[in-house]
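# Structural characterization, general
The primary structure of each chain is shown beneath.
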Amino acid sequence: MTTTQGTMPGLVTPEQLAPHDSAAEVTFEQRTTQLIAQLATAGHHVSRFGQGFLASRWGLTLHCPDLASLAQFARQVGVKHDPA
């Protein structure tokens, strides 16, 4: 069964799941992904947790409630992050 647009009823497109209404949202997402990758390169595992992040290494875990606190943690452990 198809609708007039040619899609299955109830099918959700990627744009509906994660709409990017502005360039600021894309930039925030890019900065977040870049920081997580830089921490991973330094040996830290970072998971998104609700509105914040969980950073872990050697069985120790730190909850960072927002990107600013994750960036502060990165500075503390010597990860250079340049938020372009």
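The sections below set out a description of the structure shown in this document. (Residues numbered from 1 in each chain as written. Predicted model: local features only at pLDDT ≥ 70, side-chain atom pairs only at ≥ 80, totals over all residues. Heavy atoms only, no water.)

### Some words on the overall build of the protein chain
We apply this condition: Numbered from the N terminus, helices here are DSSP runs of H or I no shorter than four residues, and strands are runs of E no shorter than two. Whether two residues are in contact is decided by their heavy atoms, any of which lying within 4.5 Å being enough.
Helix and strand counts for the protein chain stand at 3 helices and 3 strands. Reading the protein chain from its N end, one meets helices and strands in the order α-α-β-β-β-α. Across the protein chain, every contact between residues at least 6 apart in sequence was considered, and the portion connecting residues at least 24 apart equals 36%.

### Some points on the pairing of strand β2 (residues 52-57)
Side-chain positions along a regular strand alternate between the two faces of the sheet. The criterion, for reference: Each pair of strands is called paired provided DSSP finds at least two bridges between the two strands.
Of the strand pairs in this sheet, strand β1 (residues 45-49) and β2 are connected by 5 bridges, and their pairing is antiparallel. Considered in β2, the bridge of Phe-49 is made with Gly-52. As consecutive antiparallel partners, β1 and β2 are separated by 2 residues, and within that stretch Gly-50 has a phi angle of approximately 60°, a positive value. Hairpin connection, β2 to strand β3 (residues 60-64): the antiparallel pair is bridged by 2 residues, and Trp-58 has positive phi, about 55°.

### Observations concerning the side chain of His-44
So the rule is basically this: Two N or O atoms form a polar contact when they lie within 3.5 Å of each other; inside protein one atom must be a possible hydrogen donor and the other a possible acceptor, and for residues adjacent in sequence the pair counts only when both atoms belong to side chains.
Turning to its location among the elements, His-44 is positioned in the loop between α2 (23-41) and β1. Side chain to side chain, His-44 and Arg-57 meet in a polar contact 3.5 Å long.

### Digging into the sheet that holds β3
The condition is simple: Interaxial angles span 0 to 180 degrees and are taken between N-to-C directions of axes, which are lines fitted to C-alpha atoms, for helices over the stretch in contact.
Read across the sheet, 3 strands follow the order β1-β2-β3 without closing on themselves; strand pairing throughout is antiparallel. With partners counted over all chains shown, the strands left at the sheet margins are β1 and β3, one partner each. This sheet shows a mean twist of 20° between the axes of neighbouring strands, independent of strand direction.

### A short note on the pattern of salt bridges
The following threshold applies: Here a salt bridge means any side-chain nitrogen of Lys or Arg lying within 4 Å of a carboxyl oxygen belonging to Asp or Glu. Type-normalised accessible area, obtained with a 1.4 Å probe on protein chains alone, sets the label of each residue: buried when under 20%, exposed when over 50%, and partly exposed for intermediate values.
With the rule as written, the count across this model stands at 1 salt bridge. Taking the shortest distance from any N to any O, the salt bridge between Arg-48 and Glu-29 comes out at 2.8 Å. Taken together, the positions of Arg-48 in strand β1 and Glu-29 in helix α2 put the pair 19 residues apart, joining distant regions of the chain. When its relative accessible area of 45% is taken as the criterion, Arg-48 is described as partly exposed. On the basis of relative accessible area, Glu-29 is assigned to the partly exposed category, the value being 31%.

Scope: geometric values only; no functional claims are made or implied.
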